Amino acid sequence: MAQKPCNNLLPQSKGANTSFLSVATSQTLQSTGSATGNPRNKCALKPGHSLMDWIRLGNSGVDLSGTGGRTVSVTKEELVKHNTKNDAWMAIRGVVYNVSRYMEFHPGGVEELMRGVGSDATKLFDETHAWVNYTQLLNKCRIGPLTNTVKLDAVIKESFSLPNNKTFDSFAKPQIPAQEADILPRLDWIQKLDEITLYFYTKQFCNPGYLIRNLNHEDNHIEIWIFIGVYVHTFDFKLQGQIKWPPKGVQMSTESGKIEVKFNKHDNQIKLWSDLGKYKRSKILATDLEPDTSSLDFKISYINKFNKDSFVILLENESVLYTLPIGYHITIEGLVNEIKITKCYTPVPKKYIGKCINIEMDTEYVNFLIKQYPHSKSFSQYLCHLEKDNTLKMSLPKGNFKLSTLASHRRFCFLAAGSGLTPILGLLDHLLKRSTNRIEVLKLLYFNKTSKDIWCNEMLNNISIEDERFEFVNILSNCEESWSGIKGRVSSDLLFPIVNKSMGKISYIAVCGPNNFNLNVEKILNELNFPNENVFIF
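Definitions and limits used
- Residues numbered from 1 in each chain as written.
- Predicted model: local features only at pLDDT ≥ 70, side-chain atom pairs only at ≥ 80, totals over all residues.
- Heavy atoms only, no water.
- Helix = DSSP H or I, 4+ residues; strand = E, 2+ residues; numbered from the N terminus.
- Buried < 20%, exposed > 50% of the residue type's maximum accessible area, 1.4 Å probe, protein only.
- Contact = heavy atoms within 4.5 Å.
- Areas by Shrake-Rupley, 256 points an atom, 1.4 Å probe, with all protein chains shown as cover.
- Polar contact = N/O pair within 3.5 Å; in protein donor to acceptor, adjacent residues only side chain to side chain.
- Salt bridge = Lys/Arg side-chain N within 4 Å of Asp/Glu carboxyl O.
- pLDDT = per-residue confidence, 0-100.
- Pairing = 2+ DSSP bridges.
- Phe/Tyr/Trp six-rings, centres within 6.5 Å; stacked < 30°, edge-to-face > 60°.
- Lys NZ or Arg CZ within 6 Å of the ring centre and 35° of its normal.
- Core = buried A, V, L, I, M, F, W, Y, C linked by side-chain atoms within 4.5 Å.
- Axes fitted to C-alpha atoms, helices over the stretch in contact; angles between N-to-C directions.

Chemist: Please set out the overall build of the protein chain residue by residue, giving values where relevant.
Modeler: What the protein chain contains, in helices and strands, is 12 helices and 26 strands. Within the protein chain, the fraction of its 538 residues that count as buried is 49%. Counted over contacts in the protein chain with a minimum sequence separation of 6, partners at least 24 positions apart contribute 70%. Element-wise, carbon and sulfur atoms account for 49% of the exposed surface of the protein chain, whose accessible area totals about 27000 Å².

Laid out in structure tokens, this is it:
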């Protein structure tokens, strides 16, 4: 029997049998001249189609699944319809993936991958290289579970034992989560003599974000965008009277999905309005927005060191307030060596940096904690050498995290490494405040090299003291002799007690860190038989 390679993404050669689903490292390509690492199965990849190119594409925010980030159940009848190169779905171990974009990245060639398209390819996959970590490789291509076609009412009826003389219709059916396409924010408003408040009602756990923009100097023409998944809901208001900018306050409940925007009326408008004014609303896919409206110019209001190799940037636009959905990121555009490039970053809640920097946090900034890499051509080097009032171009929200998938879970563990802490912070705040299905346990295992690398250590420790449900654990791989905490790297020994049923099993795990860290965590969780559907890797 061939020995498994140490890199679980690199398939072992199997004679003249081309790997059905495989990726190779650049070292393999250089040493063998073969895209698969097997000199008997040469299949040259096009430039820009290496493993790292595939990873970059997956992290770019491009919708590789074709579902707009939604999880969609797929029947066998539906699966078989997607059997062409440009519309290629396949199922592996009960999960359907859209491999259309992966075709040109497949080292075994397009024709080899086409063998499994439109069908359950589990057997074919196992025959060639069952050890390949396909869940990580195709994570961003995941459509949803493969199911049998069953009438919904029949399933519901089987789930209930009906008392005598009772009909099925007299019992409530299980609630089916609303799809993003079906959510239309509902507008309401109230007023006092000196202020007016707008309310936008979405759906519970639908995870909205918002953008509020002042469009003219008279302060009665404003625009409010509500981000829900892949859709942007726009409200263009011409208010009856003048208001003061910026808003007096903005509140958003991540649990109910309600957004509240309060304005003070202008001094000459201290009276009751007869109505709100005029407004136009629209709903559009974010990908269909015009280029000049799909990015925003923000200036740097503050930039300074945070610790030995990271820095804080606070961005501000005097005419815009901007908050992302939880778990989403943006791209920042800049010039590095005269080449225009973009980099993904996740904003962090202001409470985690407010006490660490010498600046008032009353203004609604977009806050970033960024690790500074030493390479002269790195994007972080470009950013850290900018100055206050320099302008950066920032994208609209990108991501596919579904807050609703957490609703049924009460025991969580987050694994973060280095700057991978940033998307975890907003998620942590949401869960600790959640009142519906209140959580029982939330563990955060934070991996770094030294104690000086730890971000927000004091704040996170304080939260763990104040809330007994939250446990914060630092793990260092290159610690000082004086370090008394856990030493080492992520391992099976470390994660086994977390997922073991007899030791208070965690039911949901979120992971964020460098690619190698993410791959290693997923491999360990697979070995520990932790269900893939309860793992999210940012």
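Chemist: Describe the side chain of Glu223, and please don't skip the residues or the numbers.
Modeler: Tracing the backbone shows Glu223 in strand β9 (residues 221–228). For Glu223, a relative accessible area of 14% translates into the label buried. Within the local environment of Glu223, its side chain forms a polar contact with the side chain of Trp225, the two groups lying 3.4 Å apart. Dropping the residues within four chain positions of it, Glu223 is found in contact with Leu211, Ile212, Arg213, Leu215, Phe235 and Asp236.

Chemist: Pulling in residues and values, what's your account of unusual backbone geometry?
Modeler: Peptide bonds are, in most cases, trans, and in most cases residues other than glycine have a negative phi. With an omega of 5°, the peptide bond between Trp245 and Pro246 qualifies as cis. With respect to the helices and strands, the residue Pro246 is situated in the loop between β10 (231–239) and β11 (249–252). Positive phi values are uncommon outside glycine, yet Asp389 reaches one of about 80°. Residues other than glycine seldom take positive phi values, yet Cys456 does so here, at roughly 55°.

Chemist: Before we move on, can you summarise the pattern of salt bridges with the specific residues and values?
Modeler: This structure, assessed with the given rule, holds 22 salt bridges. Salt-bridge contacts for Asp453 lead to Lys308; the nearest nitrogen and oxygen are separated by 2.9 Å. Note that Asp453 is positioned in the loop between β22 (441–448) and α10 (457–466) and Lys308 in the loop between β14 (295–307) and β15 (310–316), a separation of 145 residues in sequence. Relative accessible area serves as the criterion here: at 48%, Lys308 is assigned to the partly exposed category. A salt bridge links Arg469 to Asp467, with the nearest nitrogen and oxygen atoms 2.8 Å apart. Here the two residues Arg469 and Asp467 agree in accessibility, since each one is buried. A single salt-bridge network, built from bridges that share partners, covers Lys192, Glu195, Lys248 and Lys262.

Chemist: Can you tell me about the confidence of the model for the protein chain, naming the residues and giving the values?
Modeler: In this model, the protein chain carries a mean pLDDT of 82, and residues with pLDDT of at least 70 account for 82%. Confidence over residues 149–178 falls short of pLDDT 50; this stretch has 21 contacts with residues more than four positions distant or in other chains.

Chemist: Lay out the pairing of β11 in plain terms, naming residues and giving numbers.
Modeler: When β11 meets strand β12 (residues 258–264), the two strands line up antiparallel, connected through four bridges. For Gly249, the partnering residue across the bridge sits in β12 and is Lys262. Joining the antiparallel neighbours β11 and β12 is a turn of five residues, in which Gly257 adopts a positive phi near 80°.

Chemist: Any chance you could break down the packing of aromatic side chains for me, citing the residues and the numbers?
Modeler: Evaluated as defined, the whole model comprises 26 aromatic pairs. When the centroid spacing of 6.3 Å and the interplanar angle of 35° are considered together, the rings of Phe235 and Tyr279 count as tilted. Of the two residues, Phe235 sits in strand β10 while Tyr279 sits in strand β13 (residues 277–285), which places them 44 residues apart along the sequence. The class for Phe235 is buried, based on a relative accessible area of 0%. On the basis of relative accessibility, which here comes to 38%, the residue Tyr279 falls in the partly exposed class. Through successive ring pairs, a cluster of aromatic residues spans Phe200, Phe235, Phe237 and Tyr279. Its end group placed over the ring of Trp225, Arg213 keeps NZ or CZ at 5.2 Å from the ring centre. The ring centre of Tyr231 lies 4.5 Å from the NZ or CZ of Lys283, which sits over that ring.

Chemist: Describe the nonpolar core, naming the residues involved and giving the relevant values.
Modeler: The biggest cluster of nonpolar side chains holds 71 residues, and the ones touching the most others in it are Tyr322, Leu383, Phe401, Leu427, Leu444 and Leu460. For this core, the element with the highest residue contribution is helix α9 (residues 422–433), accounting for six residues. Residues contacting Leu427, with those up to four places away along its chain left out, are Ile326, Phe401, Leu403, Leu406, Phe414, Ala510 and Phe538. Listed in part, the 23 residues of the second largest apolar core include Phe200, Ile212, Trp245 and Phe263.

Chemist: Give a detailed account of the sheet that holds β12, specifying residues and quantitative values.
Modeler: Reading across from one edge, β6-β7-β12-β11 is the order of the four strands in this open sheet, with antiparallel pairing throughout. Since the sheet does not close on itself, it has two edges, and those belong to β6 (186–191) and β11, each with one partner. Between one strand axis and the next, the sheet turns by 15° as a mean value, whatever way the strands run.

Chemist: With reference to specific residues and values, describe the sheet that holds strand β20 (residues 391–395).
Modeler: If you walk across this open sheet you meet the six strands as β18-β17-β20-β14-β15-β19, and the pairing is antiparallel. Edge positions in the sheet fall to β18 (339–345) and β19 (366–371), since each has one partner strand and no second. Within the sheet, the average angular offset between the axes of one strand and its neighbour, ignoring direction, is 40°. Where β14 lies against β15, seven bridges are found, and the strand directions are antiparallel. Bridging across to β15, Asn304 finds its partner in Val312.

Chemist: Before we move on, could you go through the pairing of strand β17 (residues 330–336) and cite the residues and values that matter?
Modeler: Taking burial as the measure, the seven residues of β17 include five buried ones, the bulk of the element. In this sheet, β18 lies alongside β17 in antiparallel orientation, the contact comprising seven bridges. Bridge pairing links Glu333 to Thr342 in β18. Hairpin connection, β17 to β18: the antiparallel pair is bridged by two residues, and Asn337 has positive phi, about 55°. Sheet topology note: the β17/β20 ladder contains two bridges and is antiparallel. In the sheet register, Ile332 faces β20, and the bridge partner there is Met394.

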